[in-house]
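# Inside the fold
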Amino acid sequence: MKIGIVGLPNVGKSTLFNSLTKAGAEMANYPFCTIDPNVGVVPVPDERVNVLTKMFESKKTVNAVIEFVDIAGLVRGASKGEGLGNQFLSHIRDCDAIVHVVRCFEDSNVIHVDGSVDPVRDIETITLELIFSDIEMVDRRMQRVGRARANDKTLAKEYAMLERLKAHLEDGKQVKTFEVEDEDEAAMLSELALLTTKKVIFAANVKEDDLADDGASNPYVAKVREYAKEDGSEVFVISAAIEAEIAELDDEEKAEFLSDLGVSESGLDKLIKASYSLLGLISFLTTGPDETRAWTITKGTKAPQAAGKIHTDFERGFIRAEVIPFEKLVECGSNAVAREKGLIRSEGKEYVMQDGDVVLFRFNV
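Residues numbered from 1 in each chain as written. Predicted model: local features only at pLDDT ≥ 70, side-chain atom pairs only at ≥ 80, totals over all residues. Heavy atoms only, no water.

Another point: the overall build of the chain. Across its full length, the chain carries 13 helices and 12 strands. Taking all 365 residues of the chain together, the buried fraction comes to 48%. Considering only intrachain contacts with a sequence separation of at least 6, the fraction spanning at least 24 residues in the chain is 69%. Split by element, the accessible area of the chain, about 17900 Å² in all, is 47% carbon and sulfur. (Helix = DSSP H or I, 4+ residues; strand = E, 2+ residues; numbered from the N terminus. Buried < 20%, exposed > 50% of the residue type's maximum accessible area, 1.4 Å probe, protein only. Contact = heavy atoms within 4.5 Å. Areas by Shrake-Rupley, 256 points an atom, 1.4 Å probe, with all protein chains shown as cover.)

This is how it looks when you write it as structure tokens:
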């Protein structure tokens, strides 16, 4: 999973990126501190992986991972060349989702690029820049398609769709609210990889005092939640400053620190939950003496396609999947006991994978 992090300058974007990835992006209290996109790969915390590693005495443990891409601070007018322009947006075209960091705190020591704190205005500023970037992409595609459409029915159809799409965008609407007429148009739209098709998770960045009640008493957070509800997006409340403090702690110290704040989970945990929920993702597990590993798939994935995540040969030569839910396996304490109790099921090609399935794939190539 790959996630792009966007936001206006000085909203806590790079602080959050640093704390999530410990990648050490440069930070300072002035706009455009982040010039080139920073990339960090983070393992997805999953206690089930640790439990199975101990249980099977695995030599190797591999968690699922998320790749974060931190994009240079956008400003109003970036599409027209203001600030650094929007050239860095190309780095999030292949991301699965966008985390939009929104400032929800007052602090006279931290400059706001627009002079005041207004999260909805900030969200709309960034969204508009994404829309302008999409219009630019649609224009380019129309120029290419326009020259050849006279002799090609498929291109003529695409051009007609692009005209409707451009009008939709110029009306200030995102691509995700654009209605395609059939599967062909859906495929054409998908190939464009437009930014406003992507699902968004809003990270409401608050001060430490607002963490314990998850931002319930913060009026700025309330506005972000209201906006996100209408937009069909997820929201999680975070304090980038606190995340930066706990980034250097070990797991035990981190848990103690969060407990003292009255918080049960870190910002990374919240973000991962929001990401999995928004993108409809689950994890299945494979385990044994050599390796225990978590694999991320989309809800509704069938067994052969899940096997293909491990290796294409597994999907091509799929015979069956031997499946047991994680909880049942832990209760039994071993595969042998689970087999004796008849809890390891043999599933075929139509089996839909469930979160927490521990699987052994049988295949023949």
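Back to the write-up after that little detour.
Spatial strand order, β2-β4-β1-β5-β6-β7: 6 strands in an open sheet with mixed pairing. The open sheet has two edge strands, β2 (38–43) and β7 (234–238), and neither has a second partner. Recorded for the sheet is a direction-independent mean angle of 25° between the axes of neighbouring strands. When β2 meets strand β4 (residues 65–70), the two strands line up antiparallel, connected through 6 bridges. Bridging across to β4, Asn38 finds its partner in Asp70. Sitting on the sheet, helix α3 (residues 119–148) touches β1 (2–6), β5 (97–103) and β6 (199–205), and the angle it makes with β5 is about 145°. (Pairing = 2+ DSSP bridges. Axes fitted to C-alpha atoms, helices over the stretch in contact; angles between N-to-C directions.)

This paragraph deals with helix α2 (residues 47–56). Regarding α2, the residues found buried are Arg48, Val49, Leu52, Thr53 and Phe56. The buried residues of α2 all sit within an arc of 135° when viewed along its axis, so they share a single face. Turned more than 90 degrees away from the buried face of α2, the exposed residues are Glu47 and Lys54. Packing partners of the buried residues in α2 comprise β3 (60–62), β8 (281–286), β9 (291–298), α12 (326–332), α13 (335–340) and β12 (357–363). One or two residues past the end of α2 sits Glu57, with phi positive at roughly 50°. (Arc of directions from axis to C-beta.)

A few words on the packing of α3 against helix α6 (residues 219–231). Running from N to C, α3 and α6 cross one another at 45°; their axes reach a closest spacing of 9 Å. In terms of axis orientation, α3 runs oblique to α6. Within the contact between the two elements, α3 uses Pro119, Val120, Ile123, Glu124 and Thr127 and α6 uses Tyr220, Lys223, Val224 and Tyr227. A class-by-class count of the residues in the contact of α3 with α6 yields 6 nonpolar, 1 polar and 2 charged. (Parallel < 35°, antiparallel > 145°, perpendicular 65-115°, else oblique. Nonpolar A, V, L, I, M, F, W, Y, C, P; charged D, E, K, R; others polar.)

This part covers the environment of Asn364. When you line up the elements, Asn364 lands in the segment after β12. For Asn364, a relative accessible area of 59% translates into the label exposed. Filtering out sequence-adjacent residues up to four positions away, Asn364 remains in contact with Gly317 and Ile319.

What follows concerns the layout of surface pockets. Considered as a void within the structure, the largest pocket measures approximately 980 Å³ in volume. Every residue lining the largest pocket is counted, 38 residues in all, and those nearest its centre are Val44, Pro45, Asp46, Leu268 and Asp269. Put simply, the parts of the chain that give the lining of the largest pocket at least two residues each are α1 (13–21), β2, α2, α7 (240–246), α8 (251–261), α9 (267–279) and β8. Looking at the lining of the largest pocket, its residues break down into 19 nonpolar, 8 polar and 11 charged. (1 Å grid on protein atoms, 1.4 Å probe; cavity = no way out; pocket = protein on both sides within 12 Å on 5 of 7 lines; lining within 4 Å. Points joined across faces, edges and corners; volume = space filled by probe spheres on them.)

On to empty space enclosed by the protein, then. Applying the stated rule across the entire model yields 2 cavities of 30 Å³ or more. As a volume, the largest cavity reaches approximately 90 Å³. Lining the largest cavity are 13 residues, with His100, Thr127, Leu130, Gln174 and Val200 sitting closest to its centre. Looking at the lining of the largest cavity, the elements with two or more residues in it are β5, α3 and β6. Considering each element in turn, the lining of the largest cavity owes the most residues, 3 residues, to α3. Here the residues of the lining of the largest cavity are counted per class, giving 6 nonpolar, 4 polar and 3 charged. Volume-wise, the second largest cavity comes out at about 50 Å³. As for the second largest cavity, its lining consists of Leu211, Val237, Ile238, Ser239, Glu243, Leu258, Val263, Glu265, Ser266, Gly267 and Lys270. For the lining of the second largest cavity, the elements supplying multiple residues, two or more each, are β7 and α9.

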